Amino acid sequence: MTHDRAADNEQLYRYEITAALNAVVRACHVIVTEHSHRGFWTPRTSTEPTPTHRELIEAARRDVLNRLQTVIHCAETVAYAIEHDRQRRADKPAG
């Protein structure tokens, strides 16, 4: 019975980290689809032909950086939780 529970937990860990990384990949895909042209970032700023550095920074954060940081932070949180749970189970006395 213990082996089955361990195998179930291992499968759950795989599902969780896979789902978290799929979210990262999907976010990258959305960013590329919505904010690039031929693999280069196309910021959505003012209609001015030469946006200011501040407009570029705001667009970078809004279009790419904040979104990536969020999904990466979530994936790291999932990975940490799995590692923590795994360690807690390993430290738990058999009984």
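Higher on the page you've got the structure.
Residues numbered from 1 in each chain as written. Predicted model: local features only at pLDDT ≥ 70, side-chain atom pairs only at ≥ 80, totals over all residues. Heavy atoms only, no water.

### Some points on the overall build of the protein chain
Turning to step 1, where the next piece is worked out: Scanning the protein chain from terminus to terminus reveals two helices and two strands.
Turning to step 2, where the next piece is worked out: Starting at the N terminus, the α and β elements of the protein chain follow one another as α-β-β-α.
Turning to step 3, where the next piece is worked out: The C-alpha extent of the protein chain, read off along each of the three principal axes, is 70 × 25 × 15 Å.
Turning to step 4, where the next piece is worked out: Buried positions account for 16% of the 95 residues belonging to the protein chain. (Helix = DSSP H or I, 4+ residues; strand = E, 2+ residues; numbered from the N terminus. Buried < 20%, exposed > 50% of the residue type's maximum accessible area, 1.4 Å probe, protein only.)

### A short note on helix α2 (residues 53–91)
Turning to step 1, where the next piece is worked out: The principal kink in α2, of about 50 degrees, is found at R61.
Turning to step 2, where the next piece is worked out: Among the residues making up α2, those that are buried are A59, A60, D63, V64, V71, A75, I82 and D85. (Bend = angle between axes of the 7 residues up to and from the residue.)

### What to know about the side chain of H35
Turning to step 1, where the next piece is worked out: Residue position: H35 is located in helix α1 (residues 2–35).
Turning to step 2, where the next piece is worked out: Residue classification places H35 among the buried positions, given a relative accessible area of 6%.

### Considerations on the pattern of salt bridges
Turning to step 1, where the next piece is worked out: Applying the stated criterion across every chain, the model contains six salt bridges.
Turning to step 2, where the next piece is worked out: Put simply, E10 and R86 hold a salt bridge, and the shortest N to O gap is 4.0 Å. Placement of the pair is E10 in helix α1 and R86 in helix α2, with a sequence separation of 76 residues.
Turning to step 3, where the next piece is worked out: The exposure class of E10 is partly exposed, given its relative accessible area of 31%.
Turning to step 4, where the next piece is worked out: Two residues, D85 and R88, come together in a salt bridge whose shortest N-O distance is 2.6 Å. A residue pair is termed a helical-turn pair when its members lie 3 or 4 positions apart in one helix, as D85 and R88 do in helix α2 at three residues.
Turning to step 5, where the next piece is worked out: Taking relative accessible area as the criterion, D85 reaches 16% and is therefore assigned buried.
Turning to step 6, where the next piece is worked out: Put simply, E10, R14 and R86 are held in one network by salt bridges that share partners. (Salt bridge = Lys/Arg side-chain N within 4 Å of Asp/Glu carboxyl O.)

### What to know about the state of the cysteines
Turning to step 1, where the next piece is worked out: Per the stated rule, a full pass over the model turns up zero disulfides.
Turning to step 2, where the next piece is worked out: Not engaged in a disulfide, the cysteine C28 finds its nearest cysteine sulfur in C74; these two sulfurs lie 13 Å apart. (Disulfide = S-S within 2.5 Å.)

### What about the nonpolar core?
Generally speaking, soluble globular proteins have nonpolar side chains that are buried together.
Turning to step 1, where the next piece is worked out: Membership of the largest hydrophobic core is limited to five residues, which are A20, V24, A27, V71 and A75.
Turning to step 2, where the next piece is worked out: When residues of this core are traced back to their parent elements, those giving at least two are α1 and α2.
Turning to step 3, where the next piece is worked out: Discounting chain neighbours no more than four positions away, the residues touching A20 are A75 and V78. (Core = buried A, V, L, I, M, F, W, Y, C linked by side-chain atoms within 4.5 Å. Contact = heavy atoms within 4.5 Å.)

Read these as layout, nothing more, since geometry by itself doesn't imply function.
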